[in-house]
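In case you want the letters, here they are:
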Amino acid sequence: MLVSKFFRNREISKCFIIGITYKLKKVITMVSELVDAMAKLERSSVLENVEKEIKRGTDPLEIIEQLSQGLRIVGELYDKKEYFLAELITAGDIFQNAFQEIKPVLEKKGLKTKIKGKIVIGTVRGDLHDIGKNIVTTMLVSSGFYVEDLGVDVPPERFIEAVRQINPDIIAMSALLTVALDAAKETINLLKKNNLRNKVKIIVGGAAFNEDIAKKLGADAYGKDPLEAVKTCQKFLE
Ligand code: B12
């Protein structure tokens, strides 16, 4: 009796392990295919794989993460001078195409909350990267925030003007270029100079920042991805 139960349990465990392994294999296949296609700038393969994953019910943030991993490889190849500016432009363009497919699914995923607030977001002066900022904006909007997007290459004075006009609860700054950190610092200093710093919370994100840099610049928080951005902004308003 006990022995048969032992063997039955072993069978169940075996099935469980086989099931998990199968699922894991499926995930790994999708990961490598999508990352690979993005890194190799294979537009049709990227779009096909994205469509397949959406149909399969994969978390849209997971799909975005795989595409971002592909972009990180593109960045490394650019660093090694195996890719050039043309490839960076193509990579950005493929991502934007793919994001159009993902966006409606992401919009349904917002972390709905009763806490609403106003956010002014922008990529700081000197920086034209907006893919990450746009994803964060989509997540914030679908989570119930009112978001005023100032776009890219936003000078510190434009942030100040927006605070005066819109009276936001939060300012969100994005930067991917290390050289653009000065503009983020300048924006925070200008808010202080105009006695506006205490009126807003500041969150920063994008590859140029990390926790440490955010603290040194005088921001209230650093967000590494859209989910963290939403959770932190919700916390600001509690
Ligand atoms: C695509 C791309 C471009 C495209 C951008 C298209 C667009 N519309 O955005 C184009 C071709 C325009 C471009 C231009 C340049 N680029 Co470029 N680019 C990239 C690349 C390959 C991908 C960036 C990207 O979109 N990633 C995907 C998104 C989803 O990730 P993300 O932006 O990090 O965003 C996520 C998080 O960071 C976070 N997040 C982002 N913003 C915010 C904001 C807040 C508030 C929060 C909370 C979170 C958050 O959430 C996002 C989603 O998870 C990177 C490589 C890399 N490793 O990142 C280089 C990279 C950023 N570029 C680089 C360079 C050097 C340039 C150029 C100077 C090249 C040149 N010689 O002209 C120019 C600069 C132009 C300018 N003035 O800005 C360097 C920067 C090096 C540095 N440390 O300063 C990188 C790192 C490549 C490299 N390894 O050298 N680029």
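Compared with the 16 Å implied by 1.5 Å per residue over 12 residues, the 17 Å span of helix α5 (residues 131–142) between its first and last C-alpha is a close match. For α5, a buried count of nine out of 12 residues is recorded, marking the element as mostly surrounded by other parts of the structure. Every buried residue of α5 is listed here: Ile131, Gly132, Lys133, Ile135, Val136, Thr137, Thr138, Met139 and Leu140.

A few words now on the site of the ligand. Surrounding the ligand, one finds 37 residues, the nearest of these being Gly75, Gly92, Gly132, Gly205 and Gly223. Where the shell around the ligand is concerned, the elements lending two or more residues are α3 (60–79), α4 (85–107), α5, β3 (170–174), β4 (201–205) and α9 (226–236). Here the shell around the ligand takes seven residues from α3, the largest share from any one element. For the shell around the ligand, the residue count by class is 20 nonpolar, 11 polar and six charged. Viewed by domain, the shell around the ligand spans two of them, domain 1 (2–107) and domain 2 (118–236), each represented by three or more residues.

Moving on, we come to the pairing of strand β1 (residues 118–123). For a regular strand, side chains alternate in direction, first toward one face of the sheet and then toward the other. Summarising burial for β1: five of the six residues are buried, a large majority. In this structure, β1 lies alongside strand β2 (residues 146–149), joined through four bridges in parallel fashion. By the bridge assignment for β2, Val120 is matched with Glu148. The parallel pair β1 and β2 is bridged by α5, and the resulting crossover is right-handed. By the bridge criterion, five bridges tie β1 to β3 in an arrangement that is parallel. Counterpart to Ile119 in the pairing with β3 is Ile170.

Right, let's get into the packing of α4 against α5. Close contact between α4 and α5 brings their axes to 11 Å; oriented N to C, the two are set at 10°. It follows that α4 is roughly parallel to α5 by the angle criterion. Residue-level inspection shows Gly92, Phe95, Gln96, Phe99, Lys103, Leu106 and Glu107 of α4 in contact with α5, the latter providing Ile131, Ile135, Thr138, Met139 and Ser142. Residues belonging to the contact of α4 with α5 are distributed by class as follows: six nonpolar, four polar and two charged.

In this section: the sheet that holds β1. Across the sheet, which stays open at both edges, the five strands sit in the order β2-β1-β3-β4-β5 with parallel pairing between neighbours. Of all strands in the sheet, those with a lone pairing partner are β2 and β5 (221–222), marking the two edges. The pairing of β3 with β4 spans five bridges and is parallel. Bridging from a neighbouring strand, Ile170 pairs with Lys201 of β4. In this fold α9 packs onto β1, β3, β4 and β5, with an angle of close to 170° to the strand it touches most, β4.

Rules used in this analysis
- Residues numbered from 1 in each chain as written.
- Predicted model: local features only at pLDDT ≥ 70, side-chain atom pairs only at ≥ 80, totals over all residues.
- Helix = DSSP H or I, 4+ residues; strand = E, 2+ residues; numbered from the N terminus.
- Expected span 1.5 Å × (residues − 1).
- Buried ≥ 20, exposed ≤ 12 C-beta atoms within 10 Å, placed from the backbone.
- Near = placed C-beta within 6 Å.
- Nonpolar A, V, L, I, M, F, W, Y, C, P; charged D, E, K, R; others polar.
- Domains from an automatic or database assignment.
- Pairing = 2+ DSSP bridges.
- Right-handed = clockwise from strand over helix to strand, strands pointing away.
- Axes fitted to C-alpha atoms, helices over the stretch in contact; angles between N-to-C directions.
- Parallel < 35°, antiparallel > 145°, perpendicular 65-115°, else oblique.
- Contact = placed C-beta atoms within 7 Å.

By themselves, these are just geometric observations and shouldn't be taken as functional.
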